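The residues making up each chain are set out below.
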Amino acid sequence: MIRTGVIGYPVQHSLSPLIHNYWIDKYGFDGHYGTHEIAPSDLSDTLKKLSTEYAGFNVTIPHKQRVIELCDTLDDTAQKIGAVNTLVIDSGKIHGTNTDSFGFAENIRQAEFRVDINGTALVLGAGGAARGVIHALQTLGFQKIKIANRTLEKTQAIAKDFGVEAIEWKKREQAGADISLLVNTTSLGMTGQLPLEYDLHNLPPGAAVCDIVYKPLYTVLLHEAQKRGLGVITGIGMLLHQARPAFAAWYGTMPDIDENLQRKIDEALA
Ligand code: ATR
């Protein structure tokens, strides 16, 4: 029995159990993917206990950075991003990696229209998610990347780490005038949060807008982008694609996102 799961706080609403248990059934593995709600103060002790019985975990809010110090090894991607979303446990040793960058890049590659990677991308937000997205944009080959965030120090820190351009938050709309892709990585627009205020009039007509928020699937930002006839990429593809290499690391098979899984996810989000 290969046991896996997600650790976070809170974690009840995670869609990861639906995704991974679907693949466990589809590919016929003897396994189970569960949820483990772990308060930050218990992370170290609980993870040590669980690591004797589990093959790995996904890591979600708020543990993606804290868990780094609990890993025995980290791969290059996790080091560069500075966050871990996947743990692979082998003989009690915890290996940390990050599949969010892969998930974001695949979601852009598989968009129904071509995103111009020879153009400029503008990333809004400077949390852990922004670091994964910028890593992915660089992997995709984006020629120029700009980042804007409410707190300037965080913008500047990421700009320095990744060699991208820092933009003041109040200049975020002006900075959209020459871009081919806008990405929201802030928590704004999520159910229960304020919408992201961003006037899309400045964006070139061929630009695409991607929101990594997937609850709701179509945020106010994406609705506005649709109205303006811009290309729209929702956040659910990133969630689905980041799950694939994690599953492969634990179960040894790179899974597909088939129509059945897509339908189950659509139902869960409806
Ligand atoms: P994650 O790991 O998912 O990126 P996070 O680290 O909490 O989550 O980051 C949340 C992001 O949303 C940050 O960029 C935050 O901006 P600050 O760095 O200024 O806090 C952004 N954010 C949250 N609320 C915001 C608001 N009301 N206006 C602008 N940005 C906001």
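Above this note sits the structure.
Throughout what follows, the structure given in this document is the object of discussion.

Details of unusual backbone geometry
Cis peptide bonds are those with omega within 30 degrees of zero, and the linkage from Tyr 9 to Pro 10 qualifies with 5°. Mapping Pro 10 onto the fold places it in the loop between strand E1 (2–8) and helix H1 (16–26). For the peptide bond that leads from Lys 215 to Pro 216, omega is 5°, which places it in the cis range. The backbone of Ser 91 shows a phi angle near 50°, a positive value even though the residue is not glycine. Taking relative accessible area as the criterion, Ser 91 reaches 74% and is therefore assigned exposed.

Some words on the pairing of strand E11 (residues 208–211)
A two-sided burial pattern is seen for E11, the buried positions comprising Ala 208 and Cys 210 on one face and Val 209 and Asp 211 on the other. Both strand E10 (residues 181–184) and E11 contribute to a ladder of 4 bridges, which runs parallel. Bridge pairing in E11 links Leu 181 to Ala 208. One crossover worth recording links E11 to the parallel strand E12 (residues 231–233) by way of helix H7 (residues 220–227), and it is right-handed.

A few points about the site of the ligand
Surrounding the ligand, one finds 13 residues, the nearest of these being Ala 126, Asn 149, Arg 150, Thr 151 and Lys 154. Asn 149 is positioned such that a nitrogen or oxygen atom in its side chain is 2.7 Å from an oxygen atom of the ligand. Lys 154 is positioned with one of its side-chain polar atoms (N or O) 2.6 Å from an oxygen atom of the ligand. Coverage of the ligand by the protein amounts to 70% of the 650 Å² it exposes when considered alone. Taken together, the residues of the shell around the ligand break down into 4 nonpolar, 7 polar and 2 charged.

Here is what the cut-offs are and how they apply
- For every chain, the first residue of the written sequence is number 1, and numbering continues from 1 onward in sequence order.
- Totals for whole chains, interfaces and linings use all residues, but because this is a predicted model, local features are given only for residues with pLDDT of at least 70 and pairs of side-chain atoms are given and counted only at 80 or more.
- Only hydrogens and water are set aside; all other atoms, that is, all heavy atoms of the structure, feed into the side-chain values.
- Under the DSSP-based scheme used, a helix requires at least four consecutive residues in state H or I and a strand at least two consecutive residues in state E, with every element numbered from the N terminus.
- Throughout this description, buried means an accessible area under 20% of the type-specific maximum (1.4 Å probe, protein chains only), exposed means over 50%, and partly exposed covers the range between.
- Criterion used throughout: strands pair if DSSP finds at least two bridges between them.
- Whether a crossover is right-handed comes down to one check: with the strands pointing away from the viewer, does the path from the first strand over the helix to the second run clockwise; if it does, it is right-handed.
- Working definition: residue near molecule or strand if any one of its non-hydrogen atoms lies within 4 Å of it.
- Polar contacts, as used here, are pairs of N or O atoms within 3.5 Å; protein pairs need one atom able to donate a hydrogen and one able to accept it. Residues neighboring in sequence count only if both atoms are side-chain atoms.
- To measure how exposed things are, a 1.4 Å probe is used in the Shrake-Rupley method; for residues, cover is taken only from the protein chains shown.
- Only Asp, Glu, Lys and Arg are considered charged in this grouping, and only Ala, Val, Leu, Ile, Met, Phe, Trp, Tyr, Cys and Pro are considered nonpolar; every other residue, Gly among them, is considered polar.

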